[in-house]
Amino acid sequence: VQLVESGGGLVQAGGSLRLSCAASGSTISINAMGWYRQAPGKQRELVARISRTGGITNYADSVKGRFTISRDNAKNTMYLQMNSLKPEDTAVYYCNTPVGALYNWGQGTQVTVSS
């Protein structure tokens, strides 16, 4: 499976962005999926995860109530709606399975939130 993240950009604090994770090569519908982020000088962290069918979602405390993860298995794509963005959300965002990162990592998409 090849993963391509997109939708990042520069936004002011309080703004919104919608990230997409498009998969090709094979279906991702058989796996739970997750969004990770890696800020400069920090380890990559899992911020949101979604079950295979999309019925169960979980979030890191730092993004709970502001981010919404979703998926469209028919399109082999996953999304992350990010609202009320904060400067501390600045990072490169990646998608992968939430356990074991089973797929090759994509290049990620940069999110920069200015204060």
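Refer to the structure above for everything that follows.
Residues numbered from 1 in each chain as written. Predicted model: local features only at pLDDT ≥ 70, side-chain atom pairs only at ≥ 80, totals over all residues. Heavy atoms only, no water.

(A) Examining the sheet that holds strand β8 (residues 77-82) more closely. Sheet architecture is open: four strands sit in the order β1-β3-β8-β7, paired in antiparallel fashion. Strand pairing shows two members of the sheet lacking a second neighbour, β1 (2-6) and β7 (67-72), which therefore form its edges. Across the sheet, the mean angle separating the axes of adjacent strands is 15° when strand polarity is ignored. The pairing of strand β3 (residues 17-24) with β8 spans six bridges and is antiparallel. Paired with Leu19 across the two strands is Leu80, which belongs to β8. (Pairing = 2+ DSSP bridges. Helix = DSSP H or I, 4+ residues; strand = E, 2+ residues; numbered from the N terminus. Axes fitted to C-alpha atoms, helices over the stretch in contact; angles between N-to-C directions.)

(B) Layout of the state of the cysteines. Tallying each qualifying case throughout the model produces one disulfide. Note on cysteine connectivity: Cys21 is disulfide-linked to Cys95, with sulfurs 2.0 Å apart. The chirality of the disulfide connecting Cys21 with Cys95 is right-handed, given an S-S dihedral of about 75°. Of this pair, Cys21 sits in strand β3 while Cys95 sits in strand β9 (residues 91-96), and the two are 74 residues apart along the sequence. (Disulfide = S-S within 2.5 Å.)

(C) The arrangement of the pattern of salt bridges in detail. The tally for this structure, following the rule as stated, stands at four salt bridges. Note that Glu45 and Arg37 form a salt bridge whose closest N and O atoms lie 2.8 Å from each other. Overall, the relative accessible area of 7% leaves Arg37 in the buried class. With its nearest N and O atoms 2.9 Å apart, the salt bridge here joins Asp89 to Arg37. Here Arg37 lies in strand β4 (residues 33-38) and Asp89 lies in the loop between β8 and β9, a separation of 52 residues in the sequence. One salt-bridge network, held together by shared partners, links Arg37, Glu45, Arg66 and Asp89. (Salt bridge = Lys/Arg side-chain N within 4 Å of Asp/Glu carboxyl O. Buried < 20%, exposed > 50% of the residue type's maximum accessible area, 1.4 Å probe, protein only.)

(D) Structural context of the sheet that holds β4. Spatially, the six strands line up as an open sheet ordered β2-β10-β9-β4-β5-β6, and their pairing is mixed. The open sheet terminates on both sides in strands that have one partner only, identified here as β2 (9-12) and β6 (57-59). The sheet shows a mean angle of 25° between the axes of neighbouring strands, direction not considered. When β4 meets strand β5 (residues 45-50), the two strands line up antiparallel, connected through five bridges. Note on β5: the bridge partner recorded for Arg37 is Glu45.

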